[in-house]
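Listed here are the chains, written in short residue letters.
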Amino acid sequence: MEKKKTSKLRKDKTERPRTAAPKSNVQDPHAKKSKRRNDVATTQNAHAEKSASPASQSYKSNYKSKKPIQDIVLINIKNHKDQNGGHPHAIMDNIDSNHVSVGFSTKKKKGKRGGTNYTLQKSIFDDEQMSYMRRQAIVAPISEYGKLRQGSMTPKDYERAKQYAEKAKQKYLRNKKSSDCQTLKEH
């Protein structure tokens, strides 16, 4: 018995031209996933283009959420010089010849005991890096600060920074008052 050669024939009985290589039995396990990701990305881009309006273009992107530009508080940032070389601090207030400042970090925990830092809603330098604020503000001489820069915070983060700064300022004033009383008693 002779086997007939089977081929895919069109209605008009002509053979279909092959345009692609035949599929192999081994499939790429990531092929469906990557196609799905591309489809989802294309769909999201299409939705974004439809909803693109002048109002929605005024939003500034950051790593957590989109916030309107008018909801940003500009702050002065200086590097506080310490034994580790220095790190950025937001200058919240001045008292005598000292700055009241709140420190920033890229680490969630601080110190041997692992005290947690306050997580900021957006980076102070508008980069994609996660930023954290130290929970304890400091009062230090102006000479220990350098390299003035501009940064930005959300109003919620700024209010929290003001709370920490006010607490440090009150502690400084209490200590100053008690030290002044002691010097008066000694004289």
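Rules used throughout
Position numbers for residues start from 1 in each chain and track the written sequence from start to end. Owing to the predicted nature of the model, reporting of local features is limited to residues with pLDDT of at least 70; listing and counting of side-chain atom pairs is limited to 80 or more, with chain, interface and lining totals taken over all residues. Hydrogens and water are ignored here; the side-chain numbers use all heavy atoms of the structure. In this description a helix means any DSSP run of H or I spanning at least four residues, a strand means any run of E spanning at least two, and both kinds are numbered starting from the N terminus. For every residue, the accessible area (1.4 Å probe, protein chains only) is compared with the maximum for its type, and the residue is labelled buried under 20%, exposed over 50%, or partly exposed between those bounds. Only heavy atoms enter the contact rule, under which two residues are in contact if any of them lie within 4.5 Å. Working definition of accessibility: Shrake-Rupley area with a 1.4 Å probe, residue cover restricted to the visible protein chains. What pLDDT conveys is the predictor's confidence in a given residue, as a value from 0 to 100. By definition, a salt bridge exists where a carboxyl oxygen of Asp or Glu is found within 4 Å of a side-chain nitrogen of Lys or Arg. We define a nonpolar core as any set of buried Ala, Val, Leu, Ile, Met, Phe, Trp, Tyr and Cys residues linked to one another through side-chain atoms lying within 4.5 Å. Strands pair, by our definition, only if DSSP identifies at least two bridges between them.

1. Focus on the overall build of the protein
In terms of helices and strands, the protein carries three helices and 11 strands. Starting at the N terminus and walking to the C terminus, you meet the elements of the protein as α-α-β-β-β-β-β-β-β-β-β-β-β-α. A buried classification covers 23% of the 187 residues belonging to the protein. In the protein, once contacts between residues fewer than 6 apart in sequence are set aside, the share between residues at least 24 apart is 65%. Here the protein has roughly 14,900 Å² of accessible surface; of this, 50% comes from carbon and sulfur atoms.

2. Re the confidence of the model for the protein
When pLDDT is low, close inspection of the predicted coordinates is not appropriate. For the protein, per-residue confidence averages 75 on the pLDDT scale, and 59% of positions sit at 70 or higher. Across residues 46-63, where pLDDT falls below 50, the model places 24 contacts with residues more than four positions away in sequence or in other chains.

3. Some thoughts on the pattern of salt bridges
Enumeration according to the criterion identifies four salt bridges in this entry. The salt bridge involving D96 is made with K176; its shortest N-O contact spans 2.9 Å. Residue D96 is found in the loop between β4 (87-95) and β5 (98-105), and its partner K176 is found in helix α3 (residues 155-186); the two are separated by 80 residues along the sequence. The class of K176 is partly exposed, set by a relative accessible area of 31%. We note a salt bridge from K122 to D126, for which the minimum N-O separation is 2.4 Å. Taking relative accessible area as the criterion, D126 reaches 39% and is therefore assigned partly exposed.

4. Focus on unusual backbone geometry
Although it is not a glycine, D96 adopts a positive phi angle of roughly 55°. The backbone of K147 shows a phi angle near 55°, a positive value even though the residue is not glycine. Among the secondary structure elements, K147 is positioned in strand β11 (residues 145-153).

5. So, the nonpolar core
Of all hydrophobic cores here, the largest spans 18 residues; its most connected members are V102, F104, L120, M133 and M153. If you list the elements that add at least two residues to this core, you get β3 (73-80), β4, β5 and α3. Ranked by the residues each element gives to this core, the list is headed by α3, at four residues. When neighbours within four sequence positions are excluded, M133 is seen to be in contact with V102, G103, F104, N117, Y118, L120, M153, D157, R160, A161 and Y164.

6. Thoughts on the environment of K81
Within the secondary structure, K81 sits in the loop between β3 and β4. Spatially, the C-alpha atom of K81 lies 5.5 Å from that of E144, the residues being 63 residues apart in sequence. Excluding its chain neighbours within four sequence positions, the residues that come into contact with K81 are G86, S143, E144, Y145 and G146.

7. Description of the pairing of β4
Relative to β4, β3 runs antiparallel, the two being bridged by four bridges. Residue pairing for β4: I77 is matched across the bridge by A90. Between β3 and β4, which pair antiparallel in sequence order, lie six residues; one of them, G85, sits at a positive phi of approximately 105°. Where β4 lies against β5, six bridges are found, and the strand directions are antiparallel. Bridging across to β5, I95 finds its partner in N98. Count of turn residues in the β4/β5 antiparallel hairpin: two residues, of which D96 carries a positive phi of about 55°.

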